[in-house]
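Here is what each chain is made of, one letter per residue.
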Amino acid sequence: MATEEEKKNDYKNTLNLPQTDLPMRANAAQKEPEIQKFWEENNIYEKNISQRSKGKSFILHDGPPYLSSDKIHIGTALNKILKDILVKYKSLSGYYSPYIPGYDAHGLPIENAVVKSIKGGRESLTPTQLREKCREFAAKNLKGQEENFKRLGVWGNWENPYLTIKPEFEAEQVRVFGEMYEKGYIYKGLKPVYWCADCETALAEAEVEYADHTSTSIFVKFKFLSEDEKKAYQKAKIEIQKPLYAVIWTTTPWTIPANLAISLNANLEYSFVENREEVYIIATELLKNFLSETKLENIKIIGKCQGSDLELLNTKHPLYNRNSTIILGDHVTTEAGTGCVHTAPGHGLEDYEVCMKYKIPVLSPLNNKGIFTSEAGEFEGLKYNDGNKAVIERLKEENALLGQNDISHSYPHCWRCKKPVIYRATPQWFVDVGAFRSEAMEAIKNVKWIPKSGEQRIGNMVESRSDWCISRQRAWGVPIPVFYCEDCGEAIVTSETIAKVADLFEKESSDAWTKYDVSEILGKDYECPHCKSRKLKKETDIMDVWFDSGITHRAVVDARKEELLGSPVDMYLEGSDQHRGWFQSSLLTSIAIKGIAPYKEVLTHGFVLDGEGRKMSKSLGNFVEPQKIINVYGADVLRLWAASVDYRNDVKIGDNIIKQLVEVFKKVRNTMRFLLGNIYDFDPQNDYVQYENLEEIDKFALHRLQVLIENVTQSFNDYEFYKYFQFLQNFAAVDLSSFYLDIVKDRLYTAGKKSISRKSAQTVLYETMLAILKMMAPVMPHQAEDIFSYVPKKQKLGLESILLADWCKGNEKWLNPQIDEKWTEILRVREVVTKAIEPLRADKKVGSSLEVSVHVSSTNNKITSYLKESEKDLAGIFITSQVFLNKPTPNEILNTLEEDGIKVEVAKAQGEKCERCWKYRILDKNSKHPTICEDCQKAISEN
RNA sequence: GGGCCAUUAGCUCAGGUGGUUAGAGCGCACGCCUGAUAAGCGUGAGGUCUCUGGUUCAAGUCCAGAAUGGCCCA
């Protein structure tokens, strides 16, 4: 005879409980690499690419990360993940969407890192050896970054990435230079750069260190020309005969010989100050400061005017027989000085910029050693720092000095010899942006910028930018492919020289530039086209790395037309800092040689901040390392993070945020596990229930699914992944977990295994599972693939990988507004019912809601009729044992709740607990199974 | 200092053309279930919508200014 316990187990065995081997825990950190191995070994990426027609394409062109490190940081991870989500989504949606990752590998940061790492410094290596080290350094970092990217689950042509140091890339770069030169867009000019007079070398921004330095500051007066003096007085509305001076202030007296202008701020107010027989112009705000510094007394303000009133008036240089013109610039501030800024375009970057606008030429009367040249007149032969004293002496003699003080301030020093550095104008190569600026502005208008503000941002920059200096005095880069004639001094760039250099680089890389001499490159008989001389030399400068990456539209997109279909591509997707960087350098070179923008759309994302919204910095020690997150939670959680935030603005990441995402990740997995477990025996071929035959709540579930599919699709199409995240999360938690699955559980478990009602629910579960797997795939590809591997073969649509599927379309006929309206109302009633039961639970009068029966009524006719229509299903929907509409519950009413015109009375359920389905029923003691209900008896007989 | 951007519950996000007690999911608290179980369900508490002015009968929503934070310049 069976014991009670055994009998219970017997009935339990007749239930259809979920079955699946999919583990509840993802164990992602360990599982993901296995999945990636599966993709790699089975060429899933390549298969996806080849199954899509090139007629429908979406090309995202990768911006090359810089190879300064072998580890990627969180910002790079965000960027690559966003790109990959998009590429995967487009691929699933049927687009031909290949992805060729790129790397930026020339430039100063790499060169500096290498120089620092070698004993003996730069001098211990030949340029060729140095370049070789740089190449190795870049290769090592590439390997590290590539591993990081692959570990994120990023798809792409990893076999053949593009690289700015590949010979074919460098060759194209030389050709682009040649084309731009031929169009007259490239010229040689002077520009101030940091210069160390002791090392006799140009320095980059990164090569100067700031340290305190004591300088002599001086106030110098520049006398107005008599004509212009009158005009100035007129502007200030004063009548006076005394001589008028603009007073400048500088901490580098030696640059006075190079002064060509005086800069004022157009919007500042300037005072005319009378000092005995002279009048000075000083910015009103700085007057106090000026007086205390110069110790002048008994002065008075006799007039005022705006900076803009004085534009283009001339003063006389106190030491030379030339003018110094008053010009206007935004760099003039009231922080120090007089508001009249000494402007020497050869010795200051701002000075240079503002003089460019006024077409004032550059004057830099210093040689490599920092010694004044003949252009400095009487100071010729003096070293610049000795020039300070000499200049001050002369100014005194000319009665042009108004004051002199020593000040200590932060000043740039050479990182090698630690001596102060200067700005010195040197010959540089430029791109004449002005020549095609309007074309570029026009092109900007025709690009779709997301977010929209990007258009203004880049527009402002292109509009106001000066010419692009593309030369660098360094070793690790593509040489500027120019020869010079040593006899006539002309620069030589012809289609012939460009072709020869390009072809050579294509074979041997740009290392060939230093390796061969001119005659080897151009041929023994090559002669200067200007003077027929055969004495030629090579340019020693290299190109700005922004020029490297700026021509990928040509060296990659056009050069690999078979794969990338040629420029312009559909999208560039980078951080918002690239408006100044890659978006602009790419735009300018593309406009210059092709007349079109290289992209149709530009999508930008913000920067990654810590959990408190602070910038990540060494001093705060608040860096979030992607590798750490991946090692603990897996790449999919990081990917989910990227998808969960509105990346158009800055985004935050921190422990708390990641923990929340892990919860969502688990929730989705568990929900999928439940779906999977309940359709283990479902064969779509035979068991699929046609829409018309589905139960109404199942139709409602499909309606909700269809709404989800459409919302999610729209979110991806708009690149608004965070909306996708919200939709998916809500659907999993609300529509499925707490509503549909909770209700349908009973049917799945207790109904006959092959009953139509169970199959009806299974059909919905099956459709839901497939749709969600597909919508997980772009964002959580590992998780989706992992789950998919546990899907029974019959349900897999013949797919080898979920990443080879077609995007979920659902079925338009699932949209059912009538059912939606009705069930939304029923859901409201359900809320009132659960709320009404709640107090009884708190009082321990009731545990499971199945111990309860309810009487429901409503003052709303619509609701009443909806309830009536579905009367027999209501108990299941409310997860109670009985629902009464017309008559009150037979047992004592334990609680009543009325809300929104819906009245619910709760009582104990009728009958006894059925041992099989746990619902309370009036049991037939005389039947074969006296402890289970009628429905269960029927179900058992069907099994 | 200039250009561009952001600021709604602890977190991630909603809140067309200004109009009743500002929403969702998660998290949290409390409880239930023990046939999704290192799961599942329910209920509840959380917001002076960054601030200050202004327009208006009425402002998270419009205007002006400010603060804080971010990117790019200087």
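Computed from a predicted structure; not experimentally measured. (Residues numbered from 1 in each chain as written. Chains lettered and ligands numbered in written order. Predicted model: local features only at pLDDT ≥ 70, side-chain atom pairs only at ≥ 80, totals over all residues. Heavy atoms only, no water.)

A. Structural view of the overall build of chain A. Regarding its fold elements, chain A presents 32 helices and 33 strands. Relative to the globule expectation of 30 Å for 943 residues, the C-alpha radius of gyration of chain A, 39 Å, shows a markedly less compact shape. Structurally, chain A occupies a C-alpha span of about 130 × 75 × 50 Å along its principal axes. Residues classed as buried in chain A amount to 57% of the 943 residues present. Counting only contacts in chain A whose residues sit at least 6 apart along the sequence, the fraction spanning at least 24 positions is 77%. When the accessible surface of chain A is summed, it comes to about 41,400 Å², and 48% of that surface belongs to carbon and sulfur atoms. Charge centroids of chain A, computed over 125 positive and 135 negative side chains, lie 2 Å from each other. (Helix = DSSP H or I, 4+ residues; strand = E, 2+ residues; numbered from the N terminus. Rg over C-alpha atoms; globule rule 2.2 N^0.38 Å. Buried < 20%, exposed > 50% of the residue type's maximum accessible area, 1.4 Å probe, protein only. Contact = heavy atoms within 4.5 Å. Areas by Shrake-Rupley, 256 points an atom, 1.4 Å probe, with all protein chains shown as cover. Lys, Arg positive; Asp, Glu negative; His and termini not counted. Charge placed at Lys NZ, Arg CZ, Asp CG, Glu CD.)

B. Here's a closer look at helix α31 (residues 871-878). Looking only at α31, the buried set comprises L874, A875, I877 and F878. Down the axis, α31 shows its buried residues gathered within 165 degrees of arc, on one side only. Two residues or fewer after α31 comes I879, characterised by a positive phi angle close to 55 degrees. (Arc of directions from axis to C-beta.)

C. Layout of the pairing of strand β28 (residues 852-858). Burial analysis of β28 places six of its seven residues in the buried class, which makes it a mostly covered element. With seven bridges connecting them, β28 and strand β31 (residues 902-908) associate as antiparallel partners. Considered in β31, the bridge of V852 is made with K908. With three bridges connecting them, β28 and strand β29 (residues 882-884) associate as parallel partners. Bridging across to β29, V854 finds its partner in V883. (Pairing = 2+ DSSP bridges.)

D. Local environment of the sheet that holds strand β17 (residues 448-450). As summarised here, the arrangement of the four strands in space is β1-β24-β25-β17, forming an open sheet in which the pairing is parallel. Bordering the open sheet on either side are β1 (60-61) and β17, each of which pairs with just one other strand. Relative to strand β24 (residues 569-575), β1 is paired through two bridges, and the arrangement is parallel. In the strand pairing of β24, L60 is matched with M571.

E. Representation of the side chain of Q706. Turning to its location among the elements, Q706 is positioned in helix α25 (residues 696-717). A relative accessible area of 2% means that Q706 is categorised as buried. Residues in contact with Q706, not counting those within four places in the same chain, are K809, G810, N811, E812, W814 and L815.

F. Examining the nonpolar core more closely. Counting 220 residues, the largest nonpolar core has W641 and V856 as the members making the most contacts within it. Per-element accounting of this core gives the leading share, 13 residues, to helix α26 (residues 721-750). V856 has contacts with V829, V833, L867, F878, V883, F884, L885, I902, K903 and V904, leaving out every residue within four places of it along the chain. V220, Y384, L395 and A400 belong to the second-largest nonpolar core, a separate cluster that totals 47 residues. (Core = buried A, V, L, I, M, F, W, Y, C linked by side-chain atoms within 4.5 Å.)

G. View of the protein's contact with RNA strand B. Close contacts around RNA strand B come from 55 residues, with E350, D646, D650, N730 and K844 the closest. Here, RNA strand B places atoms within 4 Å of the protein, and 80% of those atoms are sugar or phosphate. Note that a sugar or linking oxygen of RNA strand B is positioned 3.1 Å from one of the side-chain N or O atoms of R580. Within the backbone of S738, an N or O atom sits 3.1 Å from a phosphate oxygen of RNA strand B. (Near = heavy atom within 4 Å. Polar contact = N/O pair within 3.5 Å; in protein donor to acceptor, adjacent residues only side chain to side chain.)

H. Representation of the state of the cysteines. Inspection of the entire model under this criterion finds zero disulfides. Looking at C936, it has no disulfide partner, and the nearest cysteine sulfur is the one in C933, 3.7 Å off. (Disulfide = S-S within 2.5 Å.)

I. Up close: the pattern of salt bridges. Inspection of every chain in the model, using the stated rule, returns 56 salt bridges. Between D806 and R52 there is a salt bridge, and its shortest N-O distance comes to 2.8 Å. One end of the pair, D806, is in the loop between α28 (781-788) and α29 (817-842); the other, R52, is in the loop between α3 (44-50) and β1, and 754 residues separate them in sequence. E563 is the partner of R560 in a salt bridge, and the nearest nitrogen-oxygen pair spans 3.0 Å. (Salt bridge = Lys/Arg side-chain N within 4 Å of Asp/Glu carboxyl O.)

J. Structural view of the sheet that holds strand β22 (residues 536-538). Strands sit in the order β21-β20-β22 across an open sheet of three strands; the sheet is antiparallel. Looking at strand neighbours, the two that pair on one side only are β21 (491-492) and β22, the edges of this open sheet. The sheet contact formed by strand β20 (residues 483-485) and β21 spans two bridges and is antiparallel. Bridge pairing in β21 links Y484 to A491.

K. How the structure looks around the packing of aromatic side chains. Counting across every chain of the model gives 28 aromatic pairs. On the basis of an interplanar angle of 15 degrees and a centroid distance of 5.3 Å, the ring pair of Y187 and F430 is categorised as stacked. In this pair, Y187 sits in strand β4 (residues 186-196) while F430 sits in strand β16 (residues 422-431), placing the two residues 243 residues apart along the sequence. Given the relative accessible area of 25%, Y187 is considered partly exposed. The class for F430 is buried, based on a relative accessible area of 1%. Aromatic rings pair up to connect Y89, Y647, F716, F721, Y724 and W807 into one cluster. When the ring centre of F149 is taken as origin, the NZ or CZ atom of K80, which lies over that ring, is 4.3 Å away. Above the face of the Y245 ring, K221 is positioned so that its terminal group lies 4.9 Å from the ring centre. (Phe/Tyr/Trp six-rings, centres within 6.5 Å; stacked < 30°, edge-to-face > 60°. Lys NZ or Arg CZ within 6 Å of the ring centre and 35° of its normal.)

L. Examining the pairing of strand β30 (residues 893-899) more closely. With six bridges joining them, β30 and β31 adopt antiparallel strand pairing. Paired with N895 across the two strands is V906, which belongs to β31. Between the end of β30 and the start of β31, which pair antiparallel, lie two residues, with D900 showing a positive phi angle near 50 degrees.

M. Examining unusual backbone geometry more closely. Cis geometry is adopted by the peptide bond preceding P451, which originates at I450 and carries an omega value of -5 degrees. Its place among the elements puts P451 in the loop between β17 and α13 (453-464). With an omega dihedral of 0 degrees, the bond running from S567 to P568 counts as a cis peptide bond. Turning to its location among the elements, P568 is positioned in the loop between α19 (561-564) and β24.

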